[in-house]
Amino acid sequence: MARAGLSVAAVVEEAARISDAEGYPNLTLAAVAKRLGVTVPSLYKHVAGLDGLRGQLHVHCSREFAGVLGRAVLGRSGTDALRSLAHAYRDYARRHPGRYAALQRAPAPDDPAGQDAARSVLEVITAVLCGFDLPEESVIDAIRAMRSALHGFVSLEAGGAFGLPQDVDRSFEVLVEMLVRSLSTWQTAPEQER
């Protein structure tokens, strides 16, 4: 029997806590059930197995991440918005490593809730990039380039790959300024120059 008051939201929030504490790859139904004081079969009333839980976690974290990024850029534009977004992105990944890992799961095309949640993050990033007057056909390229740079940095940092004695925060500032300069001087997509 499911514990009274147990809900999808409570299950997903506990999964988020476990992911942050123990790592997203270590998220299991057994771990969630144990922390909630229920049996694994009780969870099936709220989530469709581990895949369903991971899908719900992706939705939860995407909405949370979109809110964090949105608040960081509120009232800002252009380079100021980009710098603020980059710092909020890194801060979220550092404070919530398991939740950040859950964001890397692309929702299935037939998952409207997942698609909608992922779109909420994309909308914040797209709004920031609007301040750079990019050609419409270049926006997705710019989003992918920016995401690759930020994700690469935070992933390397989380994995302990920055072992040299130089200040990692300074290196992050260099990366952000590279993004600012690239987007500020963006002319056209590479294939259009040929």
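Residues numbered from 1 in each chain as written. Predicted model: local features only at pLDDT ≥ 70, side-chain atom pairs only at ≥ 80, totals over all residues. Heavy atoms only, no water.

The protein chain has the name Transcriptional regulator in an unreviewed UniProt entry, where Thermobifida cellulosilytica TB100 is given as its organism.

**Student:** In this structure, what is going on with the environment of Ser148? I would like to understand it.
**Tutor:** Its location among the elements puts Ser148 in helix H8 (residues 139–158). Separated by 47 residues in the primary sequence, Ser148 and Ala101 have C-alpha atoms spaced 14 Å apart. (Helix = DSSP H or I, 4+ residues; strand = E, 2+ residues; numbered from the N terminus.)

**Student:** Help me understand the packing of aromatic side chains in this model?
**Tutor:** Aromatic ring pairs are defined here through the distance separating the ring centres and the angle between the ring planes. Enumeration over the complete set of coordinates arrives at five aromatic pairs. Seen in terms of ring centroids, Phe153 and Phe162 are 4.9 Å apart; in terms of plane orientation they differ by 45°. Their pairing is tilted. Residue classification places Phe153 among the buried positions, given a relative accessible area of 9%. What makes Phe162 partly exposed here is its relative accessible area of 32%. Just above the ring of Tyr24 sits the side chain of Arg54; from NZ or CZ to the centre is 4.4 Å. Here the basic side chain of Arg90 rests over the ring of Phe172, its NZ or CZ set 4.7 Å away from the ring centre. (Phe/Tyr/Trp six-rings, centres within 6.5 Å; stacked < 30°, edge-to-face > 60°. Buried < 20%, exposed > 50% of the residue type's maximum accessible area, 1.4 Å probe, protein only. Lys NZ or Arg CZ within 6 Å of the ring centre and 35° of its normal.)

**Student:** For this particular structure, what's the right way to read the UniProt feature "domain: HTH tetR-type" (unreviewed entry) in the protein chain?
**Tutor:** The sites that carry the UniProt feature "domain: HTH tetR-type" (unreviewed entry) are, in the present numbering, residues 13–46. Between the end C-alpha atoms of residues 13–46 the distance is 12 Å, and the span holds 65% helix and 0% strand. (UniProt positions renumbered as here; feature names shortened; annotations may be inferred.)

**Student:** When you look at the environment of Tyr92 in this model, what are you seeing that I'm missing?
**Tutor:** In this structure, Tyr92 sits in helix H5 (residues 78–95). Between the C-alpha atom of Tyr92 and that of Leu74, which follows or precedes it by 18 residues, the distance is 17 Å. In contact with Tyr92, not counting residues within four places along its chain, are Cys61, Glu64, Phe65, Val68, Arg99, Tyr100 and Leu103. A polar contact of 2.5 Å, which involves the side chain of Tyr92, links it to the side chain of Glu64. (Contact = heavy atoms within 4.5 Å. Polar contact = N/O pair within 3.5 Å; in protein donor to acceptor, adjacent residues only side chain to side chain.)

**Student:** Looking at this structure, how should I read the side chain of Ser19?
**Tutor:** Assignment of secondary structure puts Ser19 in helix H1 (residues 8–22). Apart from the residues lying within four places of it in its own chain, the contact partners of Ser19 are Tyr24, Leu27, Leu57, Gly98 and Arg99.

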